[in-house]
Amino acid sequence: GLDSYAAWISRVHEFTISSLVGWRWAQGSIFYLLGLWSRLVSSAPYLKSTSPSLLENYVPLIYQAYVTSRVESVQAVYDGSVGEDEDLLEIEDSLSDQMEALPYLCRFKYEQSAEFLCSMMDPTMAEYFNAVESLKKTMEASASGISTP
């Protein structure tokens, strides 16, 4: 019964996290795992049991692991540790399939998902804006004939 479900959902969560962390070797299973979790989340409103579904514990962690793995894959392509043919964001069919499941996971605990995404992206955006501002100053200085450090 409930103990079996708790053990099963825990193991599926662990397998999903392992697959997301090992994104270089598990690309074929990501679509199916995200699809499973999106269907579990989609069915949550229809549960009639008073027992906890445990989804609230696991879904945010899976969303976070997915986002983190995609950011790490971009860094790996940039560093040259994986080839451009292994760039997860360039495999359109796979990415499209994954994007169909992701909104369900994100909306399940929307506030928590948004906070995590902002915590990942805000530092990167600040760095980007600083680089743009620095480039702008350099271009203005070179246009006026003044050198900058």
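Just so we're clear, the structure is a prediction, and the values are computed from it rather than from any experiment. (Residues numbered from 1 in each chain as written. Predicted model: local features only at pLDDT ≥ 70, side-chain atom pairs only at ≥ 80, totals over all residues. Heavy atoms only, no water.)

## Re the overall build of the chain
Link 1 in the chain: Check the secondary structure of the chain and you find 5 helices and 0 strands.
Link 2 in the chain: Put simply, the chain runs from its N terminus to its C terminus through helices and strands in the order α-α-α-α-α.
Link 3 in the chain: Sorting the 149 residues of the chain into buried and exposed places 32% on the buried side.
Link 4 in the chain: In the chain, 75% of the contacts between residues at least 6 apart in sequence involve partners at least 24 apart. (Helix = DSSP H or I, 4+ residues; strand = E, 2+ residues; numbered from the N terminus. Buried < 20%, exposed > 50% of the residue type's maximum accessible area, 1.4 Å probe, protein only. Contact = heavy atoms within 4.5 Å.)

## Here we look at helix α5 (residues 110-144)
Link 1 in the chain: Between its first and last C-alpha atoms α5 spans 49 Å; for 35 residues at 1.5 Å apiece the expected length is 51 Å, and the two agree.
Link 2 in the chain: The largest bend in α5 is about 30°, located at M121, with the proline P123 one to four residues further on.
Link 3 in the chain: For α5, the secondary structure elements touched by its buried residues are α3 (55-79) and α4 (92-108). (Expected span 1.5 Å × (residues − 1). Bend = angle between axes of the 7 residues up to and from the residue.)

## Digging into the packing of α3 against α5
Link 1 in the chain: Packing of α3 against α5 leaves a shortest axis separation of 10 Å and a crossing angle of 25°. Here α3 is positioned roughly parallel relative to α5, judged by the angle of their axes. Crossing hand, α3 versus α5: right-handed. Seen from α3, the contacting residues are P60, Y63, Q64, V67, T68 and V71; seen from α5, they are Q112, S113, F116, L117 and M120.
Link 2 in the chain: Per-class residue counts for the contact of α3 with α5 are 7 nonpolar, 4 polar and no charged. (Axes fitted to C-alpha atoms, helices over the stretch in contact; angles between N-to-C directions. Parallel < 35°, antiparallel > 145°, perpendicular 65-115°, else oblique. Left-handed = near helix turned anticlockwise from the far one by under 90°. Nonpolar A, V, L, I, M, F, W, Y, C, P; charged D, E, K, R; others polar.)

## Observations concerning a nonpolar patch on the surface
Link 1 in the chain: Judged by side-chain polarity, L117, M121, M125, Y128, F129 and V132 come together as a nonpolar surface patch covering roughly 540 Å² of accessible area.
Link 2 in the chain: Note on placement: L117 falls in helix α5.
Link 3 in the chain: Here L117 falls in the partly exposed class, since its relative accessible area comes to 34%. (Patch = residues over 30% accessible without salt bridge, like charges linked within 9 Å, V, L, I, M, F, W, Y side chains within 5 Å. Areas by Shrake-Rupley, 256 points an atom, 1.4 Å probe, with all protein chains shown as cover. Salt bridge = Lys/Arg side-chain N within 4 Å of Asp/Glu carboxyl O.)

## Quick word on the confidence of the model for the chain
Detailed reading of predicted coordinates is not advised where the pLDDT is low.
Link 1 in the chain: Per-residue pLDDT for the chain averages 86, and the proportion of residues at 70 or more is 90%.
Link 2 in the chain: Element-level mean pLDDT values for the chain span from 85 in α4 up to 92 in helix α1 (residues 2-21). (pLDDT = per-residue confidence, 0-100.)

## Concerning the packing of aromatic side chains
Link 1 in the chain: One pass over the full model with this rule turns up 4 aromatic pairs.
Link 2 in the chain: Ring geometry for F31 versus Y32: centroids 4.9 Å apart, planes at 70°, classification edge-to-face.
Link 3 in the chain: The exposure class assigned to F31 is partly exposed, which follows from its relative accessible area of 33%.
Link 4 in the chain: With 6.4 Å between their ring centres and 75° between their planes, Y63 and F116 make a pair best called edge-to-face. Residue Y63 is found in helix α3, and its partner F116 is found in helix α5; the two are separated by 53 residues along the sequence. Of the two residues examined, Y63 and F116, each falls in the buried class.
Link 5 in the chain: Taking NZ or CZ as reference, R107 lies 5.3 Å from the ring centre of Y104, over its face. (Phe/Tyr/Trp six-rings, centres within 6.5 Å; stacked < 30°, edge-to-face > 60°. Lys NZ or Arg CZ within 6 Å of the ring centre and 35° of its normal.)

## Topic: the side chain of S73
Link 1 in the chain: Position of S73 relative to the elements: it lies in helix α3.
Link 2 in the chain: From its side chain, S73 meets the backbone oxygen of R70 in a polar contact 2.7 Å long. (Polar contact = N/O pair within 3.5 Å; in protein donor to acceptor, adjacent residues only side chain to side chain.)

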